[in-house]
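This is what each chain is made of:
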Amino acid sequence: MIEYVVRRILSGLIVLFLLSTFLFFVMRAVPGDVVRLQLADAGSVTDERMAEMEAELGLDRPALAQYASWLGGVVRGDLGDSLWERRPVTEMIIERFPVTFELAFLSIVVAVGLGIVTGVASAIRRGTVTDDGLRVASVLGLSVPNFFLALLMITSASVWFNWVAPLSYRRPWDDLGVNLQQMAMPAIALGVSVAAAIARLTRSSMLEVLGSDYIRTVRAKGASSRLVNYKHALRNSLIPILTLIGLQFGALLGGTVILESIFGLPGVGSMIFRAVEQRDYPVIQAGAILYGTIFVAVNIAVDITYGLIDPRIRRS
Amino acid sequence: MNTPTTPTDDLPSGSGPDRPPDTAADRSPAGGSTITEATEPGDGERQTPEQVALGRRQRFAESFRQFRSDHLMGFLFGIVILLLLLVAIAAPIIATHDPSAIPRPPQKLAPPSTDHFFGTDQLGRDIFSRVVYGARTSLIVATATVIISTILGTLLGAVSGYLGGWVDLVIQRIVDAVLSIPVLILALFIASLLGASITNVVLALSIIYIPRFSRIARGEMLRIRSAEYVTAAEALGAKPSRIIFKHGVPNLVAPIIVLASLTFGQAIVAEAALSFLGVGAPITEPSWGRMLSTSREFMTVAWWSVVFPGAALSLGVLAFNLFGDALRDHLDPKLVR
């Protein structure tokens, strides 16, 4: 088991290394220069100013030298400085990460809660109107893009209930009430599609387990249907659901970019979006590495949890 | 109104479950050729070509009937997909106004009426016509992306799986790297680096989706490589290229088609998301995603400017999801999602 985890982490590191190397060179190979953008922003673009600024930012050195010093920094935990804000990227991430983490966490809570409840309800009422209704709802939830759902939620809340989330962002430890009001809609909009995927999977794997021989045995022994449904069937259905959460986590992280922009949340997602527009290379690279790391880490965690839930996997 | 005959003629003969939905647009309604192409798997070399064609035709018709009766929902949404394709192709006929024309005097944010079915946007442009043309943008991007990533991804995976060794190792690490970063993030990077244009969106999305196809194709190829008929072919001295194309690829078709139809829906969402963020389709092309992002400031006063493009987008995704699901159950019930 330990050997397996170590191997996974090593291959994850290789993957992240490849990814960042790729981004490093691609971003420097493609036009749309950060220096030109900044000077245009300031008003005048002259050749002397450009050369001056390139030297200032260290962009005049050969790409390989830049790469070497960047990589050296990364190994020491220094992700470089933002070319626009002129301060360490690490600092920016530490500032903004809690927002994204809270959003991702809340939407996973929404997704798992809503998804499992819906899936179980659907499975134990198989073939009824409830089941049909819930299945239609899941398919819809899976198909409506999160940014459209977000717009619908904002519009209907403001038109029908005359409610608008407080505008300036508050941290949860400063004002939890305001914070949750601001987080509720993006978290739901982001969580719904994952919830729908979980509901569908829960339903099908519950049904599969409910049709198996050992469940028949448990029933024959006279166990109550509650015991059968929750203790035996649901627990055994959790493994595929866990895999699904690991896989869907990537979509969820991607969704933070668009939802943080819509709801004006100062998280890592909106930082990456702005950095991309401004060609702020170090920020983009750091963002990619951060999201890549989270995604890889979540999937390793999922694999480890498997072993804990199902001893058969641990042994093999 | 002479275009509608194309899809209706096409429907009973060709648009069955064995065919990727994306090719329906660019294929002529020559019934016979569609069937042969659809079930290409090159087996049974001892039969005459006519017998093969007949056998395929029967098997295909049988499979199609089965699909229609077992997966009515998927079948109906298959028709929805064809209708969307029809709308995209016949956009100039269906649209009631020029999608980019700003009338004088402009009727800004006019509610839905008999003149403007879906109302008008903040510049006074007709939303119905823009939604119709948006279908074109959306389906062109999705179709091109799916075709490119299916072909390249399958080839890459098949070659990688068959050859093994360091080629396989290198390709798989790259595949892992691409798969380990969230789709939208990577698409955002690539599309914004290249600039907003239809071609660049297709390029960005293809780079992202190729690894998925190659992973599936590689897995299947590993299985096929150890099959007895491949060992036999190798013993007879078949070249690697012959084994890959003659024995490998035809056996990969089922899982790849399923993945392609599901990727279609995802590509539609991804294009809309990129356009929403302003790095997708250029401003000159009506796109559902961009319509949503430009209208969002006005949505409380003009719900129609957000609801109709969003509904069109959701319908497109829904149709491909349900059709893809049904296709998966039909072609291989055991396939994992």
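Residues numbered from 1 in each chain as written. Chains lettered and ligands numbered in written order. Predicted model: local features only at pLDDT ≥ 70, side-chain atom pairs only at ≥ 80, totals over all residues. Heavy atoms only, no water.

## Quick notes on the overall build of chain A
Note the cut-off: Helix and strand definitions here come from DSSP, where helices need a minimum of 4 consecutive H or I residues and strands a minimum of 2 consecutive E residues; each element is numbered from the N-terminal end. Only protein chains enter the area calculation, which uses a 1.4 Å probe; residues under 20% of their type maximum are buried, those over 50% are exposed, and those in between are partly exposed. Whether two residues are in contact is decided by their heavy atoms: any pair within 4.5 Å suffices. Methods summary: accessible areas were calculated by the Shrake-Rupley approach with a probe of 1.4 Å, and residue burial reflects only the protein chains presented. The convention is simple: Lys and Arg are positive, Asp and Glu are negative, and His and the chain ends are not counted. Charged groups are reduced to one reference atom each: NZ for lysine, CZ for arginine, CG for aspartic acid, CD for glutamic acid.
Broken down by element type, chain A carries 13 helices and 0 strands. Mapped from its N terminus to its C terminus, chain A presents α and β elements in the order α-α-α-α-α-α-α-α-α-α-α-α-α. If you line up chain A on its principal axes, its C-alpha atoms span 85 × 55 × 35 Å. Out of the 316 residues in chain A, the part that is buried amounts to 48%. Taking the contacts inside chain A whose residues are at least 6 apart along the sequence as the reference set, 72% of them involve residues at least 24 apart. Carbon and sulfur atoms make up 64% of the accessible area of chain A, which totals about 15500 Å². Across chain A, 28 positive and 26 negative side-chain charges occur, with their mean positions spaced 16 Å apart.

## Regarding the pattern of salt bridges
Quick note on the threshold: In the sections that follow, a salt bridge refers to a side-chain nitrogen of Lys or Arg positioned within 4 Å of a carboxyl oxygen of Asp or Glu.
Enumeration over the complete set of coordinates arrives at 17 salt bridges over all chains. Of the charged contacts, one joins arginine 203 of chain A and aspartate 131 of chain A as a salt bridge, the two residues approaching to 3.0 Å between their closest N and O atoms. Of this pair, arginine 203 of chain A sits in helix α8 (residues 176-210) while aspartate 131 of chain A is found in helix α6 (residues 129-143), placing the two residues 72 residues apart along the sequence. We classify arginine 203 of chain A as buried; its relative accessible area is 13%. According to the relative accessible area criterion, aspartate 131 of chain A is buried, its value standing at 1%. Among the salt bridges present, the one from arginine 65 of chain B reaches glutamate 62 of chain B, with a minimum N-O distance of 3.2 Å.

## Here we look at the interface of chain B and chain A
Basically, it comes down to this: Accessible area, probed at 1.4 Å, shrinks when two parts are joined; the buried area is that loss added up over both. Two N or O atoms form a polar contact when they lie within 3.5 Å of each other; inside protein one atom must be a possible hydrogen donor and the other a possible acceptor, and for residues adjacent in sequence the pair counts only when both atoms belong to side chains.
With 35 residues of chain B at the contact, the number on the chain A side is 42 residues. Taken together, the two surfaces of chain B and chain A that pack against each other cover about 3400 Å², and 80% of this comes from carbon and sulfur. Taken together, the connections running from chain B to chain A amount to 1 salt bridge. Between aspartate 325 of chain B and arginine 200 of chain A there is a salt bridge, and its shortest N-O distance comes to 2.4 Å. Counting across the interface, chain B meets chain A through 2 residue pairs in polar contact (both at pLDDT 80 or more). Elements with a contribution of two residues or more to the side of chain B that touches chain A: α7 (165-179), α8 (183-194), α11 (240-276) and α13 (304-331) of chain B.

## As for the packing of aromatic side chains
The condition that has to hold: Between rings of Phe, Tyr and Trp, where Trp is taken as its six-membered ring, a pair exists when centres lie within 6.5 Å; planes separated by under 30 degrees are stacked, by over 60 edge-to-face, and by other angles tilted.
All told, the structure shown has 16 aromatic pairs over all chains when counted by the stated rule. An angle of 45 degrees between the planes, with centres 6.1 Å apart, marks the rings of phenylalanine 97 of chain A and phenylalanine 101 of chain A as tilted. Of this pair, phenylalanine 97 of chain A and phenylalanine 101 of chain A both sit in helix α5 (residues 89-124), 4 residues apart, roughly one helical turn. For phenylalanine 97 of chain A, a relative accessible area of 27% translates into the label partly exposed. With 5.2 Å between their ring centres and 85 degrees between their planes, phenylalanine 118 of chain B and phenylalanine 128 of chain B make a pair best called edge-to-face. One end of the pair, phenylalanine 118 of chain B, is in the loop between α5 (91-94) and α6 (127-163); the other, phenylalanine 128 of chain B, is in helix α6, with 10 residues separating them in the sequence. On the basis of relative accessible area, phenylalanine 128 of chain B is assigned to the buried category, the value being 15%. Three or more aromatic residues link up through ring pairs in this structure, and these residues are Phe117, Phe118, Phe128, Trp303, Trp304 and Phe308 of chain B.

## Focus: helix α12 (residues 281-309) of chain A
Stated precisely, the cut-off is as follows: Working rule for helices: expected span equals 1.5 Å times residues minus one.
The end-to-end C-alpha separation of α12 of chain A is 42 Å, in line with the 42 Å expected for 29 residues at 1.5 Å each. Burial analysis of α12 of chain A places 21 of its 29 residues in the buried class, which makes it a mostly covered element.

## Here's the deal with the side chain of serine 107 of chain A
Within the secondary structure layout, serine 107 of chain A lies in helix α5. On the basis of relative accessible area, serine 107 of chain A is assigned to the buried category, the value being 0%.

## Observations concerning the nonpolar core
Heads up, the condition is: Here, the term nonpolar core denotes a set of buried Ala, Val, Leu, Ile, Met, Phe, Trp, Tyr and Cys residues that are joined through side-chain atoms within 4.5 Å. As used throughout, domain bounds are those supplied by an automatic or database domain assignment.
Ranked by size, the top nonpolar core spans 161 residues in total, and within it Phe147 of chain A together with Phe189 of chain B carry the most contacts. The element best represented in this core is α11 of chain B, accounting for 15 residues. Both of domain 1 (2-75) and domain 2 (97-309) of chain A provide at least three residues apiece to this core. Once you skip the residues sitting within four places of it in the chain, phenylalanine 189 of chain B turns out to touch Leu23, Ile272, Val276, Ile284 and Ala288 of chain A together with Ile181 of chain B.

## Considerations on the domain arrangement of chain A
Residues and elements named next belong to chain A. Domain annotation of chain A identifies domain 1 (2-75) and domain 2 (97-309). Look at where the C-alpha atoms of domain 1 and domain 2 centre, and you get two points 33 Å apart. Between domain 1 and domain 2, the residue contacts involve 19 residues of the former and 15 residues of the latter. Of all residues in domain 1, the largest losses of buried area upon contact with domain 2 belong to Arg8, Leu16 and Met27, amounting jointly to 34% of the total for that side. Counting every contact that joins domain 1 to domain 2 gives 0 salt bridges. Here the side of domain 1 that touches domain 2 takes 12 residues from helix α1 (residues 2-29), the largest share from any one element.

## Remarks on helix α7 (residues 146-160) of chain A
All names here are of chain A. Given a rise of 1.5 Å per residue, 15 residues ought to cover 21 Å, and the 21 Å separating the end C-alpha atoms of α7 matches this to within 8%. Listed in full, the buried residues belonging to α7 are Asn146, Phe147, Phe148, Leu149, Ala150, Leu151, Met153, Thr155, Ala157 and Ser158. Phi turns positive, to about 55 degrees, at asparagine 162, one or two residues after α7.

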